[in-house]
Structures are given as structure tokens and as C-alpha cells.
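These are the residues of each chain, in order.
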Amino acid sequence: MNNPERSMSLQTQLDAALRQAIRSALDRDADPLLAPATNPKFGDYQANAAMGLSKAMGQKPRDLAEKIVAALAPGSGASALIAEATLAGPGFINLRLTDAALASAASDMLADDRLSVAPADPPQRIVIDYSGPNVAKEMHIGHLRSTIIGDALARTLDYLGHTVIRQNHLGDWGTQFGILIEFLVDMNWDADPKQLNHQVIADLDKFYRQAKQRFDSDGTFAAAARRRVVHLQSGDSRTLGLWKYLIKNSLLHFNTIYMRLGVLLNDGDIRSESSYNASLAGVVEALNHAGLLKVSDGARVVYPDGFKGKDGEPMPMIVRKSDGGYLYATTDLAAARYRIEQLHAQRVIYVTDSRQSQHFAMVFQVIKQLQWGDDVRFDHVPFGTILGPDRKPFKTRSGGTVKLSEVLDQAVQRASRVVADRDLDEKDKQRIAQVIGIGSVKYADLSNDRIKDYVFDYDRMLALEGNTAPYLINAYVRIQSIFRKVEESGIGCRVSGVGLKITDEAERSLVLKLLQFPGVVNAVAESLEPHRLCTYLYELAGGYHQFYERCQVLKADDAATRDSRLALCRLVARTLQKGLKLLGIETVDRM
RNA sequence: GCACCCGUAGCUCAAUGGAUAGAGCAUCGGUCUUCGGAACCGAGGGUUGCAGGUUCGAGUCCUGCCGGGUGUACCA
């Protein structure tokens, strides 16, 4: 099964053939700039290298393209793949592949449990920081995007063979815990630290809002809250006991949400803010040692190169407050250091909303100036805001935060209406509603270009038409239905060793689309944009429907055609299922 | 003030610097003896916010405007 020669994707083979042709025609190593054809009438693939090489080589692009085309002529070694290479426009090389090459590549993909997605070489150690909810607060709509996008990226990078280290940077430290704990002490909240209760998190969420209000209006309470922060930092036992109790019950809540969402995060991935407390002083010392530490208005700051604030002055990043406290910049630096030195990361990915872009740009710049990880790649993966119907940040009618658990309840409930009148037993219906409901929420989020804001709309995300989870899952279901028919009718079908053949245009373009899967997965890993995979899956499902319309599968003219088409169905189903899985979305066999 | 992000069909969104800017919804019109019609085919609908520039080629890159959002020293 995973013979590397055999499982090399078609596009990889084609790229190599083009590269070789450029070398022999122009005596030069160059990227062929191979891409699927922009329009089917141009062929299957196109290579755009000639236009770019023109200036460097001092020759007309069409002349260069002509030489490359000549090097692709029959007998060149590429002829098994390429049926026709033609010159077009200013220097496009349009490629039409042989049906045999397409059929063979599709057969290889079907026989490969990786669907022709080559393992990364070399694999990297990649840290991905996502979700990061706050202790003592219920997860709300604001946590959705980081959790879902981060999870999809983690799954994709893992599939490519990288060592993915998930880091859940829990917010469990800071002034707000002084405020909350002081409030709890004040109301004689006597927590049994061993007790776990799902209701606790909702109470805490409510208490914090009350406490914050009191903190802002009651000076005596505010002073007590600040003292409580000091108690917490110095390890006062009652304070610490309450704090640990908050964490325990929060984790119970987070894990419940994670399980419903089907994200991979678990307790082993938690590395909370407080876990860096002991190394914060060392960060400041490192900055001092590097000569980057400055004092400004009593605060310890660093001025990262290239950042200007108001009135054109260098913009400071405060690492230690004038009262001696540390801030999130310090924690992020400590976390980066841990990831570089202890986790041996080669790449670190932060999935947070775009409002933190400047913060991370500064942090990355400071890391650079500290020379902590010269060969480590840092990526901030920013994303936009989820908007309500009024195009303002999504809030409840009364203006409160939208709880994630209620969003998921609502989505599942609406999904259950879709299957309500199906002839399925109740247990299956519930399971289907879960998969469709949760999948719809996730897909709606992932299918938009992440940098943009998007409007949260249940009706649209649960629609059966368009680029939605239900549409894709339904395409999968329809294929499964064919295989159920196969079982029932006793036709039997060969699963392995089936020779795929192409007998129709719809079949051919479906195969072409299937063969693009490895390229798309790699593009997602490089750009960190899951919506590209969504677009691909949507097009794949569309291609399948066209094929399905034109090509009879079970009533095909002969057994060989039927087996070939069944194999194609199987490949589409597997690709849809795998693609959705990489997005963190499940499939069902009926709906 | 400065910095970053966004602006594409009536609506919601796509488009590694590539050829005539594409989908879904909505509107209108077709197909077929349902391998699940939750389908397929077609039509109308665009000065890609505006104006310059770079390039063989710009929705995409650069500059300046307009509009919206976000950030901008002791919260995260």
C-alpha cells in the first residue's frame, strides 16, 4: 500500500516532468508554476513559468514556452502523462493529460490509505496554541473560532505527518481572580475543593460579573480584591484552595464543550498562564541581559524595532508594571521560550482573533531581537469577528454574551427538525442531529476566509443547498446509499484491484477534481486557511452530483464499467469523509 | 493622529499576479420513467469603493483618497 513511487500524487509527477522539461529545454532549474487549468477548455493543467522566465533569460515568453512544449513531446518520458501540450496566449502551456494517466492516478489514490497525500519531508515539530478559554467563565461565542480553526489546522498538520503539539493557553491568572475570589470569600462561599458540579461554572460566571461591578464602584472592596491578588500570588492556602476549585470546575465545563464539539483538546494539552509564573522574572532578566530592557514611568518596558506609537515615539511593550506585576506580554514571551527550549518547536502557530495582531507582531519581534529561536517560524493566525444579524458582534437580545453551549443546543435542535420525519429510529435521529448540527456550526465558521468577519445565521449554515455541512454530508450519504443497494441486491463489488476507467466527461472531470486533494491539503497547511479545503470539498461534491446525473452506476452497461464507477464512488466518499475529518467534522451513513 | 484588516452580483461568499471575475440563495425558464429530486441544465444580474502607478498580464502588488472595523503603556 504506501509504495512512495505509486502514491506520489499526479500533480507531483507532473511537476517533476515539467521541471525536467524546463531543464532540458532551457538548461535551467525553475518552478514550472503548475496549476489546475483556470478553465476546462484550456485543458487539465497549465504551466505559467515561461512568462516569468522571459525577463531573466532575455527571450520572448512564447519562444521559451515553445521550447518547453517541444521537450514534452512524445518520447520525452512525460508522454505517459501528457496527451497534449499546447502554447497559448502570452506563453501559457496548456496540458491535457491522458485518460490512462488519470485513471491510473485515481486507482493509486484509492489503493493508498493516505489518499496520495505524501508525508511531509522532513516532518516538523509544530506547536499550535488555540482555544485558550478563561477559567471561571463559561465558554462563549468568542471562543468558537480559535477552538475550531485551531483544531482543523492541528488535524491537517498532523495528517501531513508533522508532530503536532497542542497547547491550550488557559487564562487562569490575573487581577480578575483576585476580584472573584474576594467576592466568594465575602459571601462565605465554602467550596469543597473535591466537589465537581456542572452548575458551578454558571454561578461563577454570574458572580464574576457582580464582583466586577462592585470592584468598579466600591473602593473598600477594590482594595480587598487587590490584597487578594497578593494572597493568591504568595500562595495563601484558603485563596489557593478556592482558585484550584475554580480551575477544576472550569475544566469540567471546558471538557464537556470540547467533547460536544469533537475537538482534540484534552487535559494533557493544557499549559495555562499560571504555569509560566516562575519563569516571568527570567524573561525580564533575559531582556535586561540583552540590553533591551528600559524603564519608563516606573514600568519595565522593551521597545521592539519598527513599532511607532502616538507622536512617532517608539512604542513600548510593558513586561513589568510599576507595581511589580507582570502582564500578558511577559507570559507570552515565557510561553514562547518554553516552546522553543523545552518543546523544541520548529514552528509555533497562534490562533487568536485579529485584534491581537499587533501584540503578536511585537512579541515576535522581541523574540527575534532576543535571538531565542532564529530558525523557529512564528505564525499568528488571525481571524475576524462573528457578527449577529445586525452586523455587530454577536450578542444575545439583551446584549449579553452568547454561550457556546446554547449555540450548540440550538444548532442540534434545528438539525433534528431535518431528520424528524425520516424513517429512522430515535437513537439514530439523535446521533444524526448531533453530527449535522455541530458540523454545520463548525463548517460555517471554517468555510469563510478566516480574516473576515462573518454573520452567524442558523438558517444558512443548516441549509441543504450551497456550501454547507449538510450538503456535503448528504453527498456522502447518497454514496453510502449506493453501497447499501449493492449489499441488498447481492451484486457484490470488488473493493481492491479494480481498474478504473474513464468513459464520460463527467467521470473525467470528477477524477481530475479528486486528484487535486493532496495539493489542497498542502495549501491549507501552508496558508493556514481551512476554507480552501471547504471550497474544494464543495466542488468535489458538485462534481460528484454531475457524474451521478450522467453516469449510471449500478445499471452501467457492463460489469467492468459498474465496478469502475463503484470504485470512483468509493474514492469520492473516502475523500469527502477524510476532508471533513480534517476539518473536525463527522459524517453519517443516513440522514 | 498613527498602524493593521476589510470593501467583489440584490443577499451570503469564492478566486497560488494569469486567459471571458465564479458559486449558493433569491428571480425567471428548462430536463428527467428518483441507483436518495436534498439533483441536473440554462438565463438575467459586475466600471471588483474611487483615482493613479508597477507588470506581458492586477480583484490580488505599490501610492493617495472614500467608507467600515480593530488596535494604539501598566486588562488579556
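Up top is the structure these notes are about.
Below you will find a few notes about this structure. (Residues numbered from 1 in each chain as written. Chains lettered and ligands numbered in written order. Predicted model: local features only at pLDDT ≥ 70, side-chain atom pairs only at ≥ 80, totals over all residues. Heavy atoms only, no water.)

1. Description of the packing of helix 14 (residues 404-419) against helix 15 (residues 426-446)
Consideration 1: Axis separation between helix 14 and helix 15 bottoms out at 7 Å; the angle between their running directions is 125°. Classified by the angle between their axes, helix 14 and helix 15 sit oblique to one another. When you trace helix 14 past helix 15, the crossing you get is right-handed. Together, Val407, Leu408, Ala411, Val412, Ala415, Ser416 and Val419 of helix 14 and Lys429, Ile432, Ala433, Gln434, Ile436, Gly437, Ile438 and Val441 of helix 15 make up the contact between the two elements.
Consideration 2: Each residue belonging to the contact of helix 14 with helix 15 can be placed in one class, and the counts come to 11 nonpolar, three polar and one charged. (Axes fitted to C-alpha atoms, helices over the stretch in contact; angles between N-to-C directions. Helix = DSSP H or I, 4+ residues; strand = E, 2+ residues; numbered from the N terminus. Parallel < 35°, antiparallel > 145°, perpendicular 65-115°, else oblique. Left-handed = near helix turned anticlockwise from the far one by under 90°. Contact = heavy atoms within 4.5 Å. Nonpolar A, V, L, I, M, F, W, Y, C, P; charged D, E, K, R; others polar.)

2. Quick word on the protein's contact with RNA strand B
Consideration 1: Lining the immediate environment of RNA strand B, one finds 59 residues, of which Lys41, Glu273, Lys321, Arg422 and Arg478 sit closest.
Consideration 2: When the atoms of RNA strand B within 4 Å of the protein are grouped by moiety, sugar and phosphate amount to 53% of the total.
Consideration 3: Glutamine 358 is positioned such that a nitrogen or oxygen atom in its side chain is 3.2 Å from a sugar or linking oxygen of RNA strand B.
Consideration 4: Between RNA strand B and lysine 452, the relevant distance is 3.0 Å, taken from a phosphate oxygen to a side-chain nitrogen or oxygen of the residue.
Consideration 5: Secondary structure elements with two or more residues in the surface near RNA strand B: helix 3 (49-57), strand 4 (92-97), strand 8 (299-302), strand 13 (454-455), helix 17 (469-489) and helix 20 (531-550). (Near = heavy atom within 4 Å. Polar contact = N/O pair within 3.5 Å; in protein donor to acceptor, adjacent residues only side chain to side chain.)

3. Looking at unusual backbone geometry
Leave glycine aside and you will find that most residues have negative phi; peptide bonds, for their part, are mostly trans.
Consideration 1: In this structure, proline 122 follows aspartate 121 across a cis peptide bond, with omega equal to 0°.
Consideration 2: Notably, glutamine 371 is not glycine yet its phi reads approximately 55°, a positive angle.
Consideration 3: Its place among the elements puts glutamine 371 in the loop between helix 13 (357-370) and strand 11 (377-383).
Consideration 4: We note that leucine 528 has phi near 60°; this positive angle belongs to a residue other than glycine.
Consideration 5: Relative to the helices and strands, leucine 528 resides in the loop between helix 19 (517-527) and helix 20.

4. A word on the side chain of glutamate 138
Consideration 1: Summarising the element assignment, glutamate 138 is placed in the loop between strand 5 (125-129) and helix 6 (144-159).
Consideration 2: For glutamate 138, a relative accessible area of 9% puts it in the buried group.
Consideration 3: Engagement of the side chain of glutamate 138 in a polar contact is seen with the side chain of lysine 403, the distance being 3.2 Å.
Consideration 4: With residues up to four places along the chain from it excluded, the contact list for glutamate 138 reads His143, Ile201, Ala202, Asp205, His253, Lys403 and Ser405. (Buried < 20%, exposed > 50% of the residue type's maximum accessible area, 1.4 Å probe, protein only.)

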